[in-house]
Amino acid sequence: MKKIISVFIAACIAIPVLSQEKFKPTLASFRENYQCPDWFRDAKFGIWAHWGPQSMVGKSDWFAKDMYTSDKYDTKTKTYTGKPHPDYTYHLEHYGHPSQFGYKDMLPLWKAERFNPEQLMHLYKKAGAKYFVSMGTHHDNFFLWDSKIHRWNAVNMGPKKDIVALFEAAAKKEGLRFGVSEHLAASYTWFQTSHGADKTGPYAGIPYDGANPLFQDLYHPKADSADNGWLTTNHANQLNWLKSITELIDNYHPDLLYSDSQLPFDSIGRKMLAHFYNDNIRYHNGKLEAVYNCKVGATNPMWVLDIERGKTDSITPFPWQTDTSIGPWFFKAGSTYKTSLEIILMLIDIVSKNGNLLLNVVQTPEGDLEPGVVNTLEELAAWTAVNGEGIYGTRPWKLYGEGPSVHTGKEPGAFGGVKDFGEKKYTSEDFRFTKKGRVVYAFCLAKPAGDMRILSMGKHAGYLDSKIKSVEILGLNEHLTWKQGDDALVITKPAALSDSQTITLKIVLNK
């Protein structure tokens, strides 16, 4: 009997005890257990592929919605104009009436025939990106992954490729963290234009193809008239979102998940988020590496606040992210793009305030990049190779900056914060700061005509807790002459400076 009991006890000990999941679907659980992982805080710069079948026509970011808008609504006057949206007119002229040839018929035409994720990712890493985010699905409800629950996906039609999987493999091969964005939560109301009909003309009263029950898995069922906000109030739609995003998480185990909204759908959204966090812990053998981005949450640590086309105006206690684009969100023929200098200045300012920059790099419908975009990324690569030491792995200093740009009024951002590209001109008096250990990096945001003066580092400024040991300019192999006076740290302009419009000063403090 003793032998039997001993064997039984040994067997019980050998059975692995399943650990209880760390996150529950409650805000209290998120507050108690979530901490932004160091990889994200160190990364600072990510690149995003905001790309999909809506890129194909090269017209606008919301083509799938607006091709059904025969009577454009004026949000300022809150009245219908009686005029069609330009995308409706374009579709009518090039494809036919949306009752006969709708968005569903356009999807197979998107082939992405020049899509080379390995080549793209090699360039993105060279440009300085430390993480990459693939579009999972936009508001058009077309999935870029191999979905078993939704037939409208890039494996079944169009490219006939698992775009998310290919991006993931290429990113990980380059050592980049991988993320996905979901814009599905807004789709259920966004796509309701497809259920309409022309009010006038030869097709007046004839329903668009979204009203056909055969295609409601793409266009969604017709919504109640009161269900017209950014996020649907329909419970069945909310459950459909949960099922879809759960599949995305389970298939790819991303380290970053972005929602184009607040955390959707209350308890349903909390269930998704708890699953995302817990799945990430299992995937990383007990370590939480997950970052969830949504559009609210600046003062709590439950996730990482994302500000679309905007940034904070000061240092925040928790990490945050700007998401913006080098141009329009989707490819648009004839677009102009932000210069490398504009992107660099924005990156510096964001990092000085405890933020990250997620930059959409516009891909062509075929999947490659226009020459001008490639050139901009090559210029970013040259800059980060020299100055990245002051960006990656840093934390905010005691203040984010000094100079005229700190004190002048800021243009409000469209979705919160201040406008991301709002400051067009800097002077050599404008500085931004980061720190790493006993080093403070001071970025001079314009090429100086004379000596550089940093007021915050004067002896009487009160910000330094020890004396300055050395000062150098990153990328410049020349001894600097400098002096810490009562009112400022003064660096004599060196005889030779690079052509860069920004200068990174490395200021080492005594221990």
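Residues numbered from 1 in each chain as written. Predicted model: local features only at pLDDT ≥ 70, side-chain atom pairs only at ≥ 80, totals over all residues. Heavy atoms only, no water.

Here the focus is the sheet that holds strand 6 (residues 256-259). Strand order around the closed barrel formed by 8 strands is 1-4-5-6-7-8-10-11, with parallel pairing between neighbours. In this sheet, adjacent strand axes meet at a mean angle of 25 degrees when their direction is disregarded. (Pairing = 2+ DSSP bridges. Helix = DSSP H or I, 4+ residues; strand = E, 2+ residues; numbered from the N terminus. Axes fitted to C-alpha atoms, helices over the stretch in contact; angles between N-to-C directions.)

Using the criterion set out here, one finds 21 salt bridges in the structure. Asp42 is the partner of Arg395 in a salt bridge, and the nearest nitrogen-oxygen pair spans 3.0 Å. Placement of the pair is Arg395 in strand 12 (residues 395-402) and Asp42 in helix 3 (residues 38-43), with a sequence separation of 353 residues. We classify Asp42 as partly exposed; its relative accessible area is 30%. With a shortest N-O distance of 2.6 Å, Arg432 and Asp349 are connected by a salt bridge. Separated by 83 residues along the polypeptide, Arg432 in strand 14 (residues 431-436) and Asp349 in helix 13 (residues 340-352) bring together distant segments of the chain. Among the residues examined, Arg432 registers a relative accessible area of 0% and is labelled buried. (Salt bridge = Lys/Arg side-chain N within 4 Å of Asp/Glu carboxyl O. Buried < 20%, exposed > 50% of the residue type's maximum accessible area, 1.4 Å probe, protein only.)

Bringing the packing of aromatic side chains into the picture now. The full count for this structure, using the stated rule, is 33 aromatic pairs. Ring centres of Tyr34 and Tyr277 lie 4.8 Å apart, and the angle between their planes is 15 degrees; this geometry places the pair in the stacked category. With Tyr34 in the loop between helix 2 (27-33) and helix 3 and Tyr277 in helix 12 (residues 267-283), this pair connects stretches of sequence that are 243 residues apart. Judged by centre distance (5.2 Å) and plane angle (85 degrees), the ring pair of Trp241 and Phe265 falls under edge-to-face. On the criterion of sequence distance, the pair formed by Trp241 in helix 11 (residues 235-252) and Phe265 in the loop between strand 6 and helix 12 is long-range, its members being 24 residues apart. Each of the two residues, Trp241 as well as Phe265, counts as buried. Members of the aromatic cluster, connected to one another through ring pairs, are Trp62, Tyr68, Tyr103, Trp190, Phe191, Tyr208, Tyr219 and Trp230. Over the aromatic face of Phe215 sits the side chain of Lys104, whose NZ or CZ is 4.8 Å from the ring centroid. The cationic tip of Arg309 hangs over the ring face of Trp329; the distance from NZ or CZ to the ring centre is 4.6 Å. (Phe/Tyr/Trp six-rings, centres within 6.5 Å; stacked < 30°, edge-to-face > 60°. Lys NZ or Arg CZ within 6 Å of the ring centre and 35° of its normal.)

Moving on, we get to the pairing of strand 12. Residues in a regular strand project their side chains so that they alternate between the two faces of the sheet. Counting buried positions along strand 12 gives 6 out of 8 residues, so the element sits mostly inside the fold. Note: strand 12 against strand 14, 4 bridges, orientation antiparallel. Following the sheet pairing, Arg395 is matched in strand 14 by Lys435.

Before going further, it helps to examine helix 7 (residues 117-127). Of all the residues in helix 7, the buried ones are Pro117, Leu120, Met121, Leu123, Tyr124 and Ala127. All buried residues of helix 7 lie within an arc of 160 degrees about the axis, which places them on one face of the element. Here the buried face of helix 7 lies against strand 1 (45-49), strand 4 (131-137), helix 8 (163-173) and helix 14 (371-387). The positive-phi residue at the C-terminal boundary of helix 7 is Gly128, with phi of around 115 degrees. (Arc of directions from axis to C-beta. Contact = heavy atoms within 4.5 Å.)

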